[in-house]
Amino acid sequence: MSSYQHNSPLSHVMVVNGLRAAWIIVVLWYEVYTFDHVLYDCQWPDIYQPDAPNARIARVLVVADPQIVDYRSYPMRNSLMKALGQFIIDLNLRRSWHSTINRVQPHAVVFLGDLMDNGRATMSNSEYDAYAARFFDIFKLRDLSMPTFFLPGNHDLGLGEEVSFSLEARTRYTSHFGPWNHKTTIGNHTVLFIDAVALVEEDVVRADRGYSYDNWPAVAGGSVDFVKRFAAHEHASPVVLFTHIPLARPLDADCGPLRERGTIRQGHGLGYQNTLSNEASQFLLRLLGPSLILSGDDHDYCEYSHPLPFPSASGSTAAREITVKSFSMAMGIRRPGFQLLSLISTVPAIETLTQLPNSPPSLLDTPCFLPDQLGIYLNVYLPFILLSVLSLLAFNIYRTLPGDNKRAQRQPEVSLLPSHSSCRANNDELYRRSVGQSDTEDTDEDPMLPLPVTKPAGPVHSLRGRSSSSPNSWAFYLLGQRRRILLSLPCSMTNRGVHEVGLLRGFFSDVVDVAWPPLLAFCIAAWCTTHV
């Protein structure tokens, strides 16, 4: 604390320490414990199913659009605001991921694209390497053997022809995150990862040339070619389709009660397309017959069922599509989130290793939501800052009142600065006490003049035989006459008591005293999130 508070009343100590304690509690709760508290009710959907001795459950954590930002993300901001924004967003992603992965403990993780906000931008290889390293540092796994699958998004590869999109984006993505189109098997379910960005670009060329998907000569190694080669073979297990861009749906399609606002509508712009075209969507539904579709890109939650032209491998006549919420606080939604997917299969006999899909259900999923970080800043921190500032300001205004003069307190006008006459009286009193002079001592000095400040190192007698010392004046001789110059200083400079410290000085000192403990707690919590 500042020096003036040693003589302060108990109420001042209570105000400062009370605000300190309140701020530390608020910071620790909203920066650390609230993430675990919000995720406490996040449970895998398979826990509500009856126990089966031969059941095998694969649990998959699905994350969409983390879209970590860099200095290009907010071009209108200055360098300081860019750095601050990146720090806050990265810190939120780290806390969200740390709490999520420790809470749900999945068997596999799927990222639905838009891993980096500007992965498609033109940059040097070293800059891209550092950008990707930041992603893996934020979403690091303690169990390095956990299967992790990535899907490219339009912010990773770039959609369309734009000079700001790097020609090396695809090569860089592949070298850091893996192939664009691929498939795997999880829990006896076939899982397909489709490069929706390439599908959109090939779909535009196909439509311009007037081809249907049946007679279109697919680009070798492209998304259409991948789907056709997969569909050429029969697959008995249910198909789970992962695509970054959602499938087309009617304009008035409802997304369900968990969506924050609006719905998903077809549309496109510079480097993005809201949904696949109707033709591309029907092409995927007809050839793949997926039992479940999980998509991203939209940032908000949406649930919609697409009718299938024939029953899927699980016997369903409709394919549910879940558009997963963005994992980032910076994507225009208040509650980021993720999806939990349970893939259930059974082993019919102990002596065989053949697993069959659980019938029904073999696919279970549920959304989970993260804290409203922006709401914490706007609805908790900002009001509490204003409350703290006003409390300290009110206390310091009350403190500067002339409390030892009751009549002065009853005056309608209150001066926040001590008067000149009171300063002189206090200074004269200080001098008389310092030299041992009583109030009634006779002296030839002018009582209206301040006492001299200068004197030799040893005991020297003045004209009247009295030593003098005062911090407020300077005495000298000019033309045989003794002269004295008054140095008018505020009372707070001569009396260090709490009531003599100025309003602004006391207020800012209190602000600093209250602010540093919670700021230290915030930094420690941030460090622990990053390094523990």
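Residues numbered from 1 in each chain as written. Predicted model: local features only at pLDDT ≥ 70, side-chain atom pairs only at ≥ 80, totals over all residues. Heavy atoms only, no water.

J.: Break down helix α2 (residues 79–104) for me, citing the residues and quoting the values.
T.: With 26 residues, α2 extends 37 Å between its outermost C-alpha atoms, agreeing within 8% with the 38 Å of an ideal straight helix rising 1.5 Å per residue. Capping of α2 at its N-terminal end is provided by N78; its side-chain oxygen lies 3.2 Å from the backbone amide nitrogen of L80. With its phi angle positive at about 45°, Q105 sits one or two positions after the end of α2. (Helix = DSSP H or I, 4+ residues; strand = E, 2+ residues; numbered from the N terminus. Expected span 1.5 Å × (residues − 1). Polar contact = N/O pair within 3.5 Å; in protein donor to acceptor, adjacent residues only side chain to side chain.)

J.: I'd like a description of the nonpolar core, backed by residues and values.
T.: Judged by nonpolar contacts, the single largest core of 61 residues is most densely connected at W97 and F338. Leave out the neighbours within four places in its chain, and W97 touches L61, V63, V109, F111, I138, F139, K140, L141 and F327. Within the second largest apolar cluster, 22 residues are counted, among which are V110, L112, F149 and L294. (Core = buried A, V, L, I, M, F, W, Y, C linked by side-chain atoms within 4.5 Å. Buried < 20%, exposed > 50% of the residue type's maximum accessible area, 1.4 Å probe, protein only. Contact = heavy atoms within 4.5 Å.)

J.: So, the pairing of strand β6 (residues 239–243): which residues are in play, and what are the values?
T.: Counting buried residues in β6 gives five out of five residues, a clear majority hidden from the surface. What you see with β6 is no split at all: V239, L241 and T243 on one side and V240 and F242 on the other are buried throughout. Sheet topology places strand β5 (residues 189–194) next to β6; five bridges connect them, and they run parallel. Along β6, the bridge assignment pairs L192 with L241. As paired strands, β6 and strand β9 (residues 292–295) are joined by four bridges and run parallel to one another. Each residue of the ladder has a partner; that of L241, found in β9, is I293. (Pairing = 2+ DSSP bridges.)

J.: Any chance you could break down the state of the cysteines for me, citing the residues and the numbers?
T.: The tally for this structure, following the rule as stated, stands at two disulfides. Note that C42 is cross-linked by a disulfide to C368, the S-S spacing being 1.9 Å. Negative torsions about the S-S bond denote left-handed disulfides, and the value of about 85° found for C42 with C368 makes this one right-handed. Here C368 lies in strand β14 (residues 363–369) and C42 lies in the loop between α1 (10–38) and β1 (55–63), a separation of 326 residues in the sequence. Residue classification places C42 among the buried positions, given a relative accessible area of 8%. (Disulfide = S-S within 2.5 Å.)

J.: Run through the sheet that holds strand β11 (residues 318–323), naming residues and quoting values.
T.: Pairing in this open sheet of six strands is mixed, and the strands run β4-β5-β6-β9-β11-β10 from one edge to the other. This sheet does not close on itself; its edge strands, each paired only once, are β4 (182–186) and β10 (302–307). Across the sheet, the mean angle separating the axes of adjacent strands is 20° when strand polarity is ignored. Against the sheet, helix α8 (residues 278–288) makes contact with β5, β6, β9, β10 and β11, and its axis sits at roughly 160° relative to β6, the strand it touches most. (Axes fitted to C-alpha atoms, helices over the stretch in contact; angles between N-to-C directions.)

J.: Now, about the environment of I293: what can you tell me, with residues and values included?
T.: Looking at where I293 falls in the secondary structure, it is placed in strand β9. Judged by relative accessible area, I293 falls into the buried class, the value being 0%. A sequence separation of 53 residues divides I293 from V240, and the C-alpha atoms of the two residues are 6.0 Å apart. Ignoring any residue separated from it by four or fewer positions in sequence, one finds I293 in contact with L241, T243, L247, L285, H306, A319, R320, E321 and I322.

J.: Give a detailed account of the pattern of salt bridges, specifying residues and quantitative values.
T.: Counting across every chain of the model gives 17 salt bridges. For the salt bridge of R206 with D203, the shortest nitrogen-to-oxygen distance reads 3.0 Å. Here the residue R206 and the residue D203 both occupy positions in helix α6 (residues 196–208), the gap between them amounting to three residues, near one helical turn. Between E321 and R249 there is a salt bridge, and its shortest N-O distance comes to 3.0 Å. Linking E321 in strand β11 with R249 in the loop between β6 and β7 (268–269), this pair joins segments that are 72 residues apart in sequence. As far as burial versus exposure is concerned, E321 and R249 are alike and both buried. When salt bridges that share partners are traced, they join D70, R72 and E127 into one network. (Salt bridge = Lys/Arg side-chain N within 4 Å of Asp/Glu carboxyl O.)

J.: Describe the packing of helix α9 (residues 373–399) against helix α13 (residues 503–531), and please don't skip the residues or the numbers.
T.: Between α9 and α13, the least distance of the axes is 9 Å, while the angle of their chain directions is 140°. As summarised for this structure, α9 and α13 are arranged oblique, according to the angle between their axes. In terms of crossing hand, the pair formed by α9 and α13 is right-handed. Contact with α9, carried on its side by V389, L392, L393, F395, N396, I397 and R399, involves L503, G506, F507, D510, V511 and V514 of α13 and no other residues of that element. Taken together, the residues of the contact of α9 with α13 sort by class into nine nonpolar, two polar and two charged. (Parallel < 35°, antiparallel > 145°, perpendicular 65-115°, else oblique. Left-handed = near helix turned anticlockwise from the far one by under 90°. Nonpolar A, V, L, I, M, F, W, Y, C, P; charged D, E, K, R; others polar.)

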